[in-house]
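Secondary and tertiary structure notes
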Amino acid sequence: MSAHHPIAIIGGGLGGLTAARVLHVNGIQAAIFELEASAASRTQGGMLDIHEENGQKALHAAGLYEDFLKIVHEGGQEMRLVGPDATVHVSEKDDGTGGRPEVDRGDLRDLLLNSLPDGTIHWGRKVTGARALGDGRHEVTFTDGSAITTDLLIGADGAWSRVRPLLSDATPAYTGISFAETDLYDADTRHPRSAAVIGGGFFVSLGSQCGFLAHRETDGSFHIYAALKADEGWLDTIDFTDLAAAKTAVLAHFEGWHEDLRALVADADTITPRRIHALPVGHRWERIPGVTLLGDAAHVMSPFAGEGANLAMLDGAELAEALAAHPGDTEAALIAYEQALFPRSEASAAESAASLETMFGDRGLEQMIEFFTTGPAAQ
């Protein structure tokens, strides 16, 4: 027999958790089904800048804004833009007045997790498929052989969503950018040269069609993305189980760069490959009763506008608020939610795609210097 849940959220990332929290604040119960085995099954990692106009708005709706301020990484809004020769072209200090405070993704996830009633999250539930049952009801099946039915199915299950095919036949496409992600642990002590280069917050170094993006983490480590334009199969040519060989292969694309920058790969403690995918700009779907999407399931985009987590949280909050505002009329709620979702996500996806082309074009450094010194960021 299948267990029945009036509202089922597939995916326990930031968007799904925010949706469940805002529903809870409004007296509505939801169940989350998450493929990870437990809250501690893997390190979340990564720094996020949470924006006033979306991520922080969601935290206000969730009643968690004051608690969020307690986990903000002080100094994390510092930014440095340098060239391949390590010349610093833009340097911005964090004076505490910026609207995009940095926070550790894991800390933010824990804040949301701890705000939910016990039993909200069903761990270790990997979806194998979902199907419509009629009258807006759906069935979801899992790899452990179990199944659920629901009156409202919310796909918050990321870029490769198993819920999305109920609404759309679109799939994420490779953007042309690949990352080799590296970590430098205990950086101030073990990697002082890199610590001096990166500084206290966010760091960008751009050349022709490649570059480094880095964050100082709250634990004193650095997380670095060595990014470059490459064929989709390029990462498959590298044996990432051989750390030395992987470093050599990646650094071949940074010949002539300053040794302090090459050290971000050469001295790395770990290296992990990742291709960057995106759904088409303007992705949307026709209204189908009883199911919707949020976050990357709805609009996965490249990370170069910094909006992914922020949009997922706002999606979750606005979906929950729409359901609370339309008691007994789920379809009216979904119509209202999607009417705001589609244009918002299209604008951010277009911005992200444009930023990718700018940053990894032949004049990426020059254009980004201009952006930070004369564009919106300087105003």
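Residues numbered from 1 in each chain as written. Predicted model: local features only at pLDDT ≥ 70, side-chain atom pairs only at ≥ 80, totals over all residues. Heavy atoms only, no water.

Considerations on unusual backbone geometry
Positive phi values are uncommon outside glycine, yet Ala86 reaches one of about 75 degrees. Locating Ala86 in the fold gives a position in the loop between strand 4 (79-82) and strand 5 (88-92). Exposure remark for Ala86: the relative accessible area of 24% places this residue in the partly exposed category. With a phi angle near 45 degrees, Asp186 is a residue other than glycine that sits in the positive phi range. Of note, Asp186 is situated in the loop between strand 11 (173-184) and helix 5 (187-190). Owing to a relative accessible area of 40%, Asp186 belongs among the partly exposed residues under this scheme. (Helix = DSSP H or I, 4+ residues; strand = E, 2+ residues; numbered from the N terminus. Buried < 20%, exposed > 50% of the residue type's maximum accessible area, 1.4 Å probe, protein only.)

Focus: the pattern of salt bridges
With the rule as written, the count across this model stands at 19 salt bridges. When the shortest N-O distance is used, the salt bridge between Glu36 and Arg109 registers 3.4 Å. With Glu36 in the loop between strand 2 (31-33) and strand 3 (47-49) and Arg109 in helix 4 (residues 105-113), this residue pair connects regions lying 73 residues apart in the sequence. Here Glu36 and Arg109 have matching classes, each one buried. Among the ionic pairs, Glu318 bridges to Lys57, the shortest N-O distance being 3.8 Å. One end of the pair, Glu318, is in helix 10 (residues 308-325); the other, Lys57, is in helix 2 (residues 55-61), with 261 residues separating them in the sequence. Residue Glu318 is classed as buried on the basis of its relative accessible area, which comes to 18%. (Salt bridge = Lys/Arg side-chain N within 4 Å of Asp/Glu carboxyl O.)

Considerations on the side chain of His223
Mapped onto the secondary structure, His223 falls in strand 14 (residues 222-229). Among residues more than four places away in sequence, those in contact with His223 are Glu181, Thr182, Asp183, Leu213, Ala214, His215 and Glu217. (Contact = heavy atoms within 4.5 Å.)

Things to note about the pairing of strand 4
Residues Met79 and Leu81 line one face of strand 4 and the alternating positions Arg80 and Val82 line the opposite face, and both faces are buried. As judged from the four bridges shared by strand 4 and strand 5, these two strands associate in the antiparallel manner. Counterpart to Leu81 in the pairing with strand 5 is Val90. Hairpin connection, strand 4 to strand 5: the antiparallel pair is bridged by five residues, and Ala86 has positive phi, about 75 degrees. Bridge count between strand 4 and strand 12 (residues 202-206): four bridges; the pairing is parallel. Across the sheet, Leu81 pairs through a bridge with Val204, a residue of strand 12. (Pairing = 2+ DSSP bridges.)

Considerations on the environment of Ser161
Position of Ser161 among the secondary structure elements: in the loop between strand 10 (147-155) and strand 11. The spacing of Ser161 and Arg275 is 114 residues in sequence and 17 Å in space, taken between C-alpha atoms. Ignoring sequence-local partners within four residues, the contact set of Ser161 consists of Leu293 and Ala297. Engagement of the side chain of Ser161 in a polar contact is seen with the backbone nitrogen of Val163, the distance being 3.0 Å. (Polar contact = N/O pair within 3.5 Å; in protein donor to acceptor, adjacent residues only side chain to side chain.)

What to know about the nonpolar core
Ranked by size, the top nonpolar core spans 58 residues in total, and within it Ile7, Ile9, Phe68 and Leu108 carry the most contacts. Leaving out residues up to four positions away in the same chain, Phe68 has contacts with Ile50, Gln56, Leu59, Pro101, Val103, Leu108 and Leu111. Counting 31 residues, the second-largest nonpolar core is a separate cluster that includes Ala180, Ala195, Ala214 and Leu264. (Core = buried A, V, L, I, M, F, W, Y, C linked by side-chain atoms within 4.5 Å.)

A few points about the packing of aromatic side chains
Tallied over the entire structure, the rule returns ten aromatic pairs. Aromatic side chains Phe179 and Tyr225 sit 5.1 Å apart centroid to centroid with 50 degrees between the ring planes, which places their arrangement in the tilted category. With Phe179 in strand 11 and Tyr225 in strand 14, this pair connects stretches of sequence that are 46 residues apart. You can call Phe179 buried: its relative accessible area is 2%. Ring pairing ties together the aromatic residues Phe179, Tyr225, Phe304 and Phe360, which thus form one cluster. (Phe/Tyr/Trp six-rings, centres within 6.5 Å; stacked < 30°, edge-to-face > 60°.)

Regarding the side chain of Ser161
A relative accessible area of 5% places Ser161 in the buried class. Here the side chain of Ser161 touches Arg164 through a polar contact of 2.9 Å, landing on its backbone nitrogen.

Examining the pairing of strand 10
With respect to burial, strand 10 is a largely interior element, eight of its nine residues being buried. Pairing geometry for strand 1 (residues 3-10) and strand 10, over seven bridges, is parallel. In the strand pairing of strand 10, His5 is matched with Thr150. Both strand 9 (residues 137-142) and strand 10 contribute to a ladder of four bridges, which runs antiparallel. By the bridge assignment, Thr141 is partnered in strand 10 with Ala147. Sheet topology note: the strand 10/strand 16 (residues 291-293) ladder contains three bridges and is parallel.

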